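So you can see what is in the structure, the chains are spelled out below.
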Amino acid sequence: MATITRRGVPVTTAGDLPTPGSKAPETVFSGNDLGDVRLSDLAGKRVILNIFPSIDTPTCAKSVRRFNEAASKLDNTVVLCVSADLPFAQARFCGAEGLERVMTVSTFRNPEFGKAYGVEMVDGPLMGLLARAIVILDETGTVLYTEQVPEIAQEPDYDAALATL
């Protein structure tokens, strides 16, 4: 389990991020059309998992915008913005912002993702939501990079993450 903070108050996660060099746990997300999106469907592409509590918070929104901008410069790479938000809220946000280079996916039907990736917050006021983290996979689903952001309101280290690619 990792300990992060929310406004300086400790919060515990369900576990630890997958280890670089390991195979990413298979998971199923809900896409904006409510259809299933599996990591295995993205085999042959590099995948950035931009994981966060809710798209309706300022830091989460910034990360989606930033990765949308970066995605236009990345070959053979898919950016999945992962939260427990309903797909309707995710689609509304991206539509209003004109964000077309990232794919928002939800864990609302499959909360097991938070446990498998160690990012579910198990205590505190955001209990049940996902902690802010980045996981980057290569074309075979092997973990290349991880970052567990130590303070939930802090942005991830975009430069370090993108340098991996």
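Heads up: these notes are all about the structure in this document. (Residues numbered from 1 in each chain as written. Predicted model: local features only at pLDDT ≥ 70, side-chain atom pairs only at ≥ 80, totals over all residues. Heavy atoms only, no water.)

### Some details on the overall build of the protein
Helices and strands together make up the secondary structure of the protein, namely 4 helices and 9 strands. Across the protein, helices and strands are ordered from the amino to the carboxyl terminus as β-β-β-β-β-α-β-α-β-α-β-β-α. Its C-alpha atoms give the protein a radius of gyration of 14 Å, within 12% of the compact-globule value 15 Å for 165 residues. Its C-alpha atoms give the protein principal-axis dimensions of roughly 40 × 35 × 30 Å. The proportion of buried residues among the 165 residues of the protein is 49%. Taking contacts inside the protein between residues at least 6 apart in sequence as the whole, the part at least 24 apart equals 64%. With the model as given, the accessible surface of the protein reaches about 7,500 Å², and the carbon-plus-sulfur share is 53%. Charged side chains in the protein number 15 positive and 21 negative. The centres of these two groups are separated by 3 Å. (Helix = DSSP H or I, 4+ residues; strand = E, 2+ residues; numbered from the N terminus. Rg over C-alpha atoms; globule rule 2.2 N^0.38 Å. Buried < 20%, exposed > 50% of the residue type's maximum accessible area, 1.4 Å probe, protein only. Contact = heavy atoms within 4.5 Å. Areas by Shrake-Rupley, 256 points an atom, 1.4 Å probe, with all protein chains shown as cover. Lys, Arg positive; Asp, Glu negative; His and termini not counted. Charge placed at Lys NZ, Arg CZ, Asp CG, Glu CD.)

### Let's talk about the packing of aromatic side chains
Applying the stated rule across the entire model yields 2 aromatic pairs. Linked through ring pairs, Phe29, Phe113 and Tyr117 together constitute an aromatic cluster. (Phe/Tyr/Trp six-rings, centres within 6.5 Å; stacked < 30°, edge-to-face > 60°.)

### Digging into the pattern of salt bridges
All told, the structure shown has 2 salt bridges when counted by the stated rule. A salt bridge links Arg38 to Asp36; its shortest N-O distance comes to 3.7 Å. With a relative accessible area of 33%, Arg38 lands in the partly exposed category. A salt bridge links Lys115 to Glu120; the nearest nitrogen and oxygen atoms lie 2.7 Å apart. (Salt bridge = Lys/Arg side-chain N within 4 Å of Asp/Glu carboxyl O.)

### Here we look at the pairing of strand S1 (residues 3-6)
Bridge count between S1 and strand S2 (residues 9-12): 4 bridges; the pairing is antiparallel. The partner of Thr3 across the bridge, within S2, is Thr12. Here S1 folds back onto S2 in antiparallel fashion, the turn holding 2 residues, of which Arg7 has a positive phi close to 55°. (Pairing = 2+ DSSP bridges.)

### Details of the nonpolar core
One finds Phe29, Leu49, Ile51, Leu80 and Val82 to be the most contacted residues of the largest nonpolar core, which totals 21 residues. If you list the elements that add at least two residues to this core, you get strand S5 (46-51), strand S6 (77-83) and strand S8 (133-137). Sequence-distant contacts of Phe29, defined by excluding residues within four places in its chain, comprise Gly35, Asp36, Val37, Leu39, Leu49, Leu80, Val82, Val105, Ser106, Thr107, Asn110 and Phe113. The next biggest cluster of nonpolar side chains, apart from the first, holds 17 residues, and it includes Phe52, Ile55, Ala71 and Val102. (Core = buried A, V, L, I, M, F, W, Y, C linked by side-chain atoms within 4.5 Å.)

### A look at a nonpolar patch on the surface
Taken together, the side chains of Leu34, Leu86, Phe88 and Phe108 make up a nonpolar region of the molecular surface, amounting to roughly 360 Å² of accessible area. Note on placement: Leu34 falls in the loop between strand S3 (28-30) and strand S4 (36-38). (Patch = residues over 30% accessible without salt bridge, like charges linked within 9 Å, V, L, I, M, F, W, Y side chains within 5 Å.)

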